[in-house]
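Chain by chain, the residues:
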Amino acid sequence: MANLSKNKVSPKRDSKLNGKHFDCVIIGAGMAGLASGIRLGLAGKDSIILERHNASGGLNSFYSIDGHKYDVGLHALTNYVPKGTKGSPLTKLLRQLRIPYDALELSPQLQSKIHFPNCQLNFNNDFSYFESQVAEQFPDEIDGFCRLVETVKNYDAFSLEAKPTSTREALKQYFKNPLLESMLLCPTMYYGSSTENDMDFSQFVIMFRSLFLEGFARPLDGVRTIIKALQDKYRSLGGTRKMRCGVAKIICDEKRAQKLLLDDGSEITANKIISTAGYTETLRLCDTNKNQEIEHNVGKLTFTETITLFKEQPKDLGWKDTIIFFNEGENFKYEAPSSELVDPQSGVICLPNNYAYPDQENLEYGILRITALAHNQKWFSLDEASYQEAKNSWYTILQKTALDILPSLKKSQTEFASEIIAKDMFTPRTVHKFTGHINGAIYGCPTKVKNGQTHLDNLFIAGTDQGFLGIIGAMLSGISMTNLHCLQSKE
């Protein structure tokens, strides 16, 4: 997605690209960037997507080590609805991109849960089941919960002019029990909040709808299926996607971006620029005096994630949940750890094999993913030996945390460890390396730029920092910002 590391500019220019002009340049080949490119292609615009790395997807991508495939980012595609459902974000998105529903090869989740020390709430893609769980566990709060649901259904969460409001303050209007408040905030924050211990109520509404009123799904082959569908569509429309080609600088005057200087020294120009690299990160590329004004709006929340491949299928070990949002502390805290590299007290456990795939025989091995909040600077300060040692240590801690929460194994944790085929772990350093996000902040800056505008008349923000989160949200951001700033304007 991002193109922001300070790579040394090579004197060898791409002669095929140098001096070219485009209707629109898109910075970043993530979900928002690919969706933006498709919209431009459908409108007959000449566009190019520039991506510093060798794989598309940005925050939601994939890689292979020793022949084993790993997804990053995608635990689930949220906003899932069955084929033919009218009026949903997924349906609208596919119509805007002219991609058939079946191209995403989606299979719904089995069942997920919110796990706190003395309470659990199960949910699936049938909202009435979740509602019954709330009624069972919180009988005195069900009326308030139903009022909240009606508010969520009718709230204009996509208003580009709405000012941020506190979700915690809003939820106090509906609940007296802080436990229910925390249990609803745990999944919505982990899947969409860039703010410590709170989130904008518009973001909460978007996430509540996408997680609970709609639901989770996943392709059997993970995020690569979605990326392939987007890439194939963009390519079919004649769009250009240039990989290993980052933007070193945006050269501008007081009002407009004049040209883009690429990592290899090439220079290109465009009528419009859509950047999915992040708001602060994009403005740092500009030759501008605005940097001091935006440096306060830097994301701090970041994560680590362990990925474990093992011989057996999760269901054979008694692990039937798809995703578990957990909190083991006395109070739920969604904040950067104050001293440790990782906070294992809360997080997300994902079992990607626990979807209703039509062909279960194609599942090669079990997969266990564990996500937790990480310190936004300590990981960057470690030398290489200390970094590898910390990864090994925290892998073991997070693995034990998950195994203590998951249903008891019929074998010891030592025996389970002997059946591990492969494992990996990403940290804030990994996130920064492959996205350019400052601090490795997954959800970007805390104050979103909902209208996508910058101080330059022809430079716009899409993706995470525009404010639509998740895979569907990112694509909708790319679509809406492109429609608004590139296709509806008279320029």
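The rules behind these values
Residues numbered from 1 in each chain as written. Predicted model: local features only at pLDDT ≥ 70, side-chain atom pairs only at ≥ 80, totals over all residues. Heavy atoms only, no water. Helix = DSSP H or I, 4+ residues; strand = E, 2+ residues; numbered from the N terminus. Rg over C-alpha atoms; globule rule 2.2 N^0.38 Å. Contact = heavy atoms within 4.5 Å. Lys, Arg positive; Asp, Glu negative; His and termini not counted. Charge placed at Lys NZ, Arg CZ, Asp CG, Glu CD. Buried < 20%, exposed > 50% of the residue type's maximum accessible area, 1.4 Å probe, protein only. pLDDT = per-residue confidence, 0-100. Expected span 1.5 Å × (residues − 1). Pairing = 2+ DSSP bridges. Disulfide = S-S within 2.5 Å. Salt bridge = Lys/Arg side-chain N within 4 Å of Asp/Glu carboxyl O.

### As for the overall build of the protein chain
Next, step 1: Looking only at helices and strands, one finds 15 helices and 18 strands in the protein chain.
Next, step 2: Compactness check: the protein chain gives a C-alpha radius of gyration of 22 Å against a globular reference of 23 Å for 491 residues, within 12% of the reference.
Next, step 3: A fraction of 75% describes how many contacts in the protein chain between residues 6 or more apart in sequence connect residues 24 or more apart.
Next, step 4: Measuring between centres, the 55 positive side-chain charges of the protein chain sit 7 Å from its 56 negative side-chain charges.

### Considerations on unusual backbone geometry
Next, step 1: With a phi angle near 65 degrees, Asn79 is a residue other than glycine that sits in the positive phi range.
Next, step 2: Residue Asn79 is classed as buried on the basis of its relative accessible area, which comes to 7%.
Next, step 3: Phi is positive for Arg244, close to 50 degrees, though the residue is something other than glycine.
Next, step 4: Relative to the helices and strands, Arg244 is located in the loop between β9 (240–242) and β10 (247–252).

### Overview of the confidence of the model for the protein chain
Next, step 1: Looking at the protein chain, pLDDT values average 92 and 95% of them are 70 or higher.
Next, step 2: Scored below 50 in pLDDT, residues 1–11 makes 48 contacts in the model with residues more than four places away or belonging to other chains.

### Some points on helix α15 (residues 470–487)
Next, step 1: Helix length check: α15, at 18 residues, gives a terminal C-alpha distance of 24 Å against a target of 26 Å (1.5 Å per residue), a fit within 8%.
Next, step 2: In terms of burial, α15 is largely enclosed, as 14 of its 18 residues are buried.

### With respect to the pairing of strand β14 (residues 323–327)
Residues in a regular strand point their side chains to alternate faces of the sheet.
Next, step 1: Of all 5 residues that make up β14, 5 are buried, and the element is covered over most of its length.
Next, step 2: A two-sided burial pattern is seen for β14, the buried positions comprising Ile323, Phe325 and Asn327 on one face and Ile324 and Phe326 on the other.
Next, step 3: Pairing analysis gives 3 bridges linking strand β6 (residues 112–116) to β14, with the strands arranged parallel. Bridge pairing in β14 links Lys113 to Ile324.
Next, step 4: With 5 bridges connecting them, β14 and strand β15 (residues 342–350) associate as antiparallel partners.

### A closer look at the state of the cysteines
Next, step 1: Counted under the stated rule, the structure contains 0 disulfides.
Next, step 2: Cysteine Cys286 shares no disulfide, and the gap to the nearest cysteine sulfur, in Cys252, comes to 4.8 Å.
Next, step 3: According to the relative accessible area criterion, Cys286 is buried, its value standing at 6%.
Next, step 4: Cysteine Cys445 is unpaired, with the sulfur of Cys286 as its nearest cysteine sulfur at 15 Å.

### Thoughts on the pattern of salt bridges
Next, step 1: All told, the structure shown has 15 salt bridges when counted by the stated rule.
Next, step 2: In this structure, Arg218 engages Asp71 in a salt bridge whose closest nitrogen and oxygen atoms are separated by 3.3 Å. On the criterion of sequence distance, the pair formed by Arg218 in strand β8 (residues 217–219) and Asp71 in strand β4 (residues 68–72) is long-range, its members being 147 residues apart.
Next, step 3: Taking the shortest distance from any N to any O, the salt bridge between Lys448 and Asp465 comes out at 3.5 Å. Taken together, the residues Lys448 in the loop between α14 (428–435) and β18 (459–461) and Asp465 in the loop between β18 and α15 connect sequence positions 17 residues apart. In terms of burial, Lys448 and Asp465 fall into one category: buried.
Next, step 4: Shared partners join several salt bridges into a network, and the residues in it are Asp71, Arg218 and Arg224.

### Things to note about the environment of Ile26
Next, step 1: Within the secondary structure layout, Ile26 lies in strand β1 (residues 21–27).
Next, step 2: Between the C-alpha atom of Ile26 and that of Leu50, which follows or precedes it by 24 residues, the distance is 6.2 Å.

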